[in-house]
Amino acid sequence: MAVTKAITKCIPYENASSKVDKWSIEMKYENDSEGDSTYYTSTFAITVPQLDDDGNANFTLKAKGSWTNANLVAICPVSEWDVVFASQVDSVITNPPVESTPDQAFSVPS
């Protein structure tokens with residue numbers, strides 16, 4: 001299972017000092033290649049404010065041009081998304097639900 005991950009969308013929110021104080025980020029996960037029987041894709045999204053609810057910094061304020069792809073990936077909950085994606089692949093590709101078969105010949109017992 002070759003899983004690729006890539007940020008497909010990111011929107012910076014700038015404060016009055018032209019520093020990013022919030023990011024909206026989408027990351028696309030793909031299992032194998034499109035057209036393969038094991039191909040699966042899922043997109044995860046998150047909005048990350050500079051400060052969390054307890055006032056702790058999620059990232060340092062800086063200009064949007066100073067951010068790298070690695071910086072953006074670092075503020076995403078990638079390990080959580082990895083677990084969710086693996087579970088999705090398992091339930092859809094590796095161990096899909098078994099379809100039940102109707103027994104059209106069944107007669108109601110008397």
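Residues numbered from 1 in each chain as written. Predicted model: local features only at pLDDT ≥ 70, side-chain atom pairs only at ≥ 80, totals over all residues. Heavy atoms only, no water.

Details of the overall build of the protein chain
Across its full length, the protein chain holds 2 helices and 3 strands. Ordered by position from N to C terminus, the α and β elements of the protein chain give β-β-β-α-α. Over its C-alpha atoms the protein chain spans a radius of gyration of 21 Å, topping by over 25% the 13 Å that the globule rule assigns to 110 residues. C-alpha atoms of the protein chain, sized along the principal axes, occupy 80 × 35 × 20 Å. Here the protein chain holds 110 residues, and the buried ones make up 22% of them. When the accessible surface of the protein chain is split by element, carbon and sulfur atoms take 50% of a total near 7500 Å². (Helix = DSSP H or I, 4+ residues; strand = E, 2+ residues; numbered from the N terminus. Rg over C-alpha atoms; globule rule 2.2 N^0.38 Å. Buried < 20%, exposed > 50% of the residue type's maximum accessible area, 1.4 Å probe, protein only. Areas by Shrake-Rupley, 256 points an atom, 1.4 Å probe, with all protein chains shown as cover.)

Overview of the sheet that holds strand β2 (residues 20-31)
A sheet is described by the order of its strands in space; here 3 strands give the open sequence β1-β2-β3, paired in antiparallel fashion. A single partner strand is all that each edge strand has here, and the edge strands are β1 (3-14) and β3 (40-49). Geometrically, the sheet is characterised by an average inter-axis angle of 15° between neighbouring strands, direction not taken into account. Pairing between β1 and β2: 11 bridges, direction antiparallel. Directly across from Ala6, in β2, lies its bridge partner Lys28. Contacts from helix α2 (residues 78-94) reach β1, β2 and β3 within the one sheet, and its direction differs from that of β3 by about 155°. (Pairing = 2+ DSSP bridges. Axes fitted to C-alpha atoms, helices over the stretch in contact; angles between N-to-C directions. Contact = heavy atoms within 4.5 Å.)

Some words on the nonpolar core
Counting 18 residues, the largest nonpolar core has Trp23, Ile25, Tyr29, Trp67 and Ile75 as its most contacted members. Broken down by secondary-structure element, the contributors of at least two residues to this core are β2, β3 and α2. Of all the elements, β2 adds the most residues to this core, at 5 residues. Setting aside chain neighbours within four positions, we find Trp67 in contact with Val20, Trp23, Phe59, Thr60, Lys62, Leu72 and Ile75. (Core = buried A, V, L, I, M, F, W, Y, C linked by side-chain atoms within 4.5 Å.)

Some details on the side chain of Ser24
Position of Ser24 relative to the elements: it lies in strand β2. Side-chain polar atoms of Ser24 contact the side chain of Tyr13, separated by 3.5 Å. Ignoring any residue separated from it by four or fewer positions in sequence, one finds Ser24 in contact with Lys9, Cys10, Ile11, Tyr13, Ile46 and Thr47. (Polar contact = N/O pair within 3.5 Å; in protein donor to acceptor, adjacent residues only side chain to side chain.)

Examining the environment of Phe106
Mapping Phe106 onto the fold places it in the segment after α2. Taking the C-alpha atoms as reference, Phe106 lies 69 Å from Ser66; in sequence the two are 40 residues apart.

Thoughts on the packing of aromatic side chains
One pass over the structure, following the stated rule, counts 6 aromatic pairs. Centre to centre, the rings of Phe44 and Trp81 are 5.4 Å apart; their planes meet at 15°, and the pair counts as stacked. With a gap of 37 residues between them, Phe44 in strand β3 and Trp81 in helix α2 connect regions that are remote in the sequence. Comparing Phe44 with Trp81, the two get one shared label, buried. (Phe/Tyr/Trp six-rings, centres within 6.5 Å; stacked < 30°, edge-to-face > 60°.)

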